[in-house]
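An overview of the molecular structure
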Amino acid sequence: MFLSLVLLGLCICFIILQLRPRRPKNFPPGPPVLPILGNLLHLNPQNPLEDLEKLRKSYGNVYSLFLGPKPIVVINGVKAMKEAMVIKAAEFAGRPQDTIVNDVFDVKGVILADYGTSWREHRRFALMTLRNFGLGKKSMEDRIHDEIQHTIKTLDESIGRTLCPQVMFHNVASNIICQVLFGTRYEYDDEFVTTIIQCVTEITKIFNGPWAMLYDCLPFIRNLPLPFNKAFKNIKRSSDLVLRLLNEHKNTRTPGEPRDFLDCYLDEMEKVCENSQITISDDILHYFSVSTVSLYETDKKQCQQEIDQVLEGKDQACFDDRHQMPYMQAVIHESQRIANTVSLSIFHCTTKDTELAGYSIPKGMMIVQNLSTVLKEEGQWKYPHEFNPDNFLNDQGEFVKPDAFIPFSAGPRMCLGEGLARMELFLIMVTLLRKFKFIWPEDAGKPDYTPIFGVTLTPKPYPMKVQHRL
Ligand code: HEM
C-alpha cells in the first residue's frame, strides 16, 4: 500500500514536471520555471518593477518570463527598445487579445486593437479629429486655460490651508479631454466624472493585481465568482453613463456640423455604415486614463524667475513660449522622466515570427516594454538616478532632449495624446507656478516618494500648502 502511494506520488510529480513550460530553442533566457505557476513567484504583484530590474541584471536586456503557462518577453534599455519598436515596428506593433483587459473593455478602439485596418482607421480618425478640435492650435490652448481658471479658483479658496491636490489634478486632465470629447466640462464634484474616475481607478487596480494575472493564465477560472468580476461591474457602471451621453448627442446633433469628438464619431459611423469596409467602435472611456501632472520639489525659484521674465507684460502663457523657457522645459521633462508614469507601457504582441537582439520570438508573443529601464538607463543620462533638470540642459543652458526620453513609447503605437499631454503639462505648470507658491507643510514629516504601481505609477496622496506669490 505504502509503495503504491509513493509510486503514485512519483508519477504525479513526473507528470507535473512534464507540464512545466519550456523555453523554445533560441528563445530569450530567463529564470527557472515552476510547473503551473511559471515565474509568478518571481514578481511582487503589488509592484514588480524592482523584480523586473533584478531579472534584467541577471538575464540581459531581452529576457523571458512565464506568467503561469504563458510566456512573455520583457524588453529593456534604449537599444533593444528601438530595435523592436522602430526598426522592426510592424513586427512588434500588435496587442495581445486574450487578457482580462480585452474582456473587460470588450470594444477595441485604438488602444486595445490589434495591428491592422481597424486600428489604423481609428488612430487616423482620432488624430485627425483631435487636430480639427484645435490640437496644435490656439483653440486647444484656450480650452486648457479655461480649465486652469477653475483650478486657480480652487487654489485661491485654499490659500493658507493644507489641501490634497491629487483629485484636483485628475479633474483638470479629465475636463480638458471631456471638452474635446463631449463639448462640456464638469464641476470637480460632478457625479459623472467622479463615478468614472472611481470606476477606472478600481479597474486599473484589479488589472495590476494577482487576480488579473490568474485570469490571464488560467482560462478555466474566468466564469467563477472571483474578485476580478468587480472590474466587469465597474465597466458596466461607467459604460451606462457614457451611453446616456451618447444618446443625448444622437438626439441633439445636426449631421455634418460636429460640436465635439463624439459628434465627429457619429458622422464617421454613418459614413462607415454606407461604405462598410471599416468597422469603428467607441473607445471614449479609454481616454480617461490620462496624465497625472507631477509637480516635483526642485529649484522652483529658477523656474519662476524664467516665467516672470518671459511672460512680463503678458496675461497668460502660450505653448510657443516654451522655446524661451529652457529651464522650465527641462524641469517638466525631468519630472516626467522621474515620474515614469506609464512604466510598463501598454503590452504589445508580435504580429509574425521575428528576431530581437539575436533571439527568436514567435508570432503572437506578449511583449512588455519596461520603459523605466530606458528612462533611468546608465550611459544615457548625466544623472540617471536622481532628479536633476541638467539631464535636459547642455553646457550653454539650452534645452536638449536625449534619445532615451521615451515616456510616450516609440514607433507606430506611440502615445496618440502626446501633443495634448505636453501642451497641458507646460501650460498648467507655468500658469500655476507663476501665480502660487507650493509649500510642503511643516507638520507633514518627510515626503514619501514611493509610487503606487498600477497601469500608471501615481504618487501616494500628499498634502500641499498654497500661498499667493505676489
Ligand atoms: C503624460 C501623459 C501620457 C503618457 C506618459 C502616455 C503614455 C502612453 C504610452 C506609454 C502608451 C503606449 C504606447 C505603446 O503601446 O507603445 C500610450 C498609448 C496611448 N495613449 Fe497615452 N500617454 C499620456 C497621455 C495621453 C492622453 C492625454 C491621451 C488622449 C488624448 C492618450 C491617448 C493614448 C492612446 C489612444 C494610446 C494608444 C495608441 C495606440 O495603441 O495606437 N495618452 N500612452
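As annotated in an unreviewed UniProt entry, the protein chain carries the name Cytochrome P450, family 2, subfamily X, polypeptide 9 and is attributed to Amphiprion ocellaris.

1. A closer look at the overall build of the protein chain
When helices and strands are tallied, the protein chain shows 15 helices and 9 strands. Sorting the 470 residues of the protein chain into buried and exposed places 32% on the buried side. Pairs at least 24 residues apart make up 70% of the contacts formed inside the protein chain by residues separated by at least 6 positions.

2. What to know about the environment of F347
With respect to the helices, strands and loops of the structure, F347 is situated in the loop between α13 (326-339) and β4 (348-349). Accessibility expressed as a C-beta count within 10 Å gives 16 for F347, which makes it partly exposed. Ignoring any residue separated from it by four or fewer positions in sequence, one finds F347 in contact with R95, P96, M366, I367 and V368.

3. Quick word on the pairing of strand β1 (residues 62-67)
With 5 of 6 residues buried, β1 is to be regarded as a mostly interior element. With 6 bridges connecting them, β1 and strand β2 (residues 70-75) associate as antiparallel partners. Looking at the pairing, V62 lines up with I75 of β2.

4. A few points about the nonpolar core
With 51 residues, the main nonpolar core has V73, I75, M81, A84, I100 and I367 as its most contacted residues. Counting residues per element, this core draws most heavily on helix α8 (residues 191-207), which supplies 7 residues. In contact with I75, other than residues within four places in its own chain, are V62, A80, M81, A84, I367, Q369 and N370. Judged by nonpolar contacts, the second largest core, of 40 residues, contains L155, Y265, F392 and L432.

5. A few points about the UniProt feature "binding site: heme" (unreviewed entry) in the protein chain
Taking the numbering used here, the UniProt-annotated feature "binding site: heme" (unreviewed entry) corresponds to C415. Here C415 lies in the loop between α14 (371-375) and α15 (418-435). Overall, C415 belongs to the partly exposed group, with 18 C-beta atoms counted inside 10 Å. Other than its neighbours up to four places away in sequence, C415 contacts F408 and S409.

6. Focus: the packing of helix α12 (residues 300-310) against α13
Packing of α12 against α13 brings their axes to within 8 Å, and their N-to-C directions diverge by 135 degrees. It follows that α12 is oblique to α13 by the angle criterion. Seen from above, α12 lies across α13 with left-handed handedness. Contacts between α12 and α13 involve Q302, C303, E306 and I307 from the former and Y327, M328 and V331 from the latter. In terms of residue class, the contact of α12 with α13 is built from 5 nonpolar, 1 polar and 1 charged.

7. Topic: the sheet that holds strand β9 (residues 464-468)
Reading across from one edge, β3-β9-β8 is the order of the 3 strands in this open sheet, with antiparallel pairing throughout. The open sheet terminates on both sides in strands that have one partner only, identified here as β3 (162-163) and β8 (436-439). The pairing of β3 with β9 spans 2 bridges and is classified as antiparallel. If you follow L163 over to β9, its bridge partner there is M464.

8. Brief notes about the environment of K437
Tracing the backbone through its elements, the reader meets K437 in strand β8. Residue class for K437 comes out partly exposed when judged on the 14 C-beta atoms lying within 10 Å of it. For the pair K437 and I159, spaced 278 residues apart in sequence, the C-alpha to C-alpha distance is 9.9 Å. Setting aside residues no more than four positions away along its own chain, K437 makes contact with Q467 and R469.

9. Points about the pairing of strand β7 (residues 366-369)
Relative to β7, β2 runs parallel, the two being bridged by 4 bridges. In the strand pairing of β7, V74 is matched with V368. Relative to β7, β4 is paired through 2 bridges, and the arrangement is antiparallel. Looking across to β7, one finds that H348 is bridged to I367.

10. Some points on α8
In this model α8 runs 24 Å from its N-terminal to its C-terminal C-alpha over 17 residues, within 8% of the 24 Å that 1.5 Å per residue would give. Those residues of α8 lying buried are V193, I196, C199, V200, I203, I206 and F207. When α8 is viewed along its axis, its buried side chains cluster within an angular range of 160 degrees and face the same direction. Among the structural elements, α4 (100-105), α7 (166-182), α9 (210-217) and α10 (229-252) are those in contact with the buried residues of α8.

11. Side note on the packing of α12 against α15
Between α12 and α15, the least distance of the axes is 9 Å, while the angle of their chain directions is 95 degrees. Classified by the angle between their axes, α12 and α15 sit roughly perpendicular to one another. In contact with K300, C303, Q304 and I307 of α12, α15 contributes V430, L433 and R434. Of the residues that constitute the contact of α12 with α15, the class distribution is 4 nonpolar, 1 polar and 2 charged.

12. Quick word on the sheet that holds β2
What the 4 strands build is an open sheet, ordered β1-β2-β7-β4; its pairing is mixed. Of all the strands in the sheet, the pair left with one neighbour each is β1 and β4. Strands β1, β2 and β7 of the sheet are contacted by helix α3 (residues 78-87), whose axis makes an angle of about 115 degrees with β2.

13. Observations concerning unusual backbone geometry
At I36, a position not held by glycine, the phi torsion is positive, near 65 degrees. Within the fold, I36 resides in the loop between α1 (2-19) and α2 (49-59). Judged by local crowding, I36 falls into the partly exposed class, with 15 C-beta atoms found within 10 Å. With phi around 50 degrees, N340 is a residue other than glycine that occupies positive phi space. Considering the arrangement of structural elements, one finds N340 in the loop between α13 and β4. According to the C-beta neighbour criterion, N340 is partly exposed, with 19 such atoms within 10 Å.

The rules behind the values
- Residues numbered from 1 in each chain as written.
- Predicted model: local features only at pLDDT ≥ 70, side-chain atom pairs only at ≥ 80, totals over all residues.
- Helix = DSSP H or I, 4+ residues; strand = E, 2+ residues; numbered from the N terminus.
- Buried ≥ 20, exposed ≤ 12 C-beta atoms within 10 Å, placed from the backbone.
- Contact = placed C-beta atoms within 7 Å.
- Pairing = 2+ DSSP bridges.
- Core = buried A, V, L, I, M, F, W, Y, C linked by C-beta atoms within 7 Å.
- UniProt positions renumbered as here; feature names shortened; annotations may be inferred.
- Axes fitted to C-alpha atoms, helices over the stretch in contact; angles between N-to-C directions.
- Parallel < 35°, antiparallel > 145°, perpendicular 65-115°, else oblique.
- Left-handed = near helix turned anticlockwise from the far one by under 90°.
- Nonpolar A, V, L, I, M, F, W, Y, C, P; charged D, E, K, R; others polar.
- Expected span 1.5 Å × (residues − 1).
- Arc of directions from axis to C-beta.

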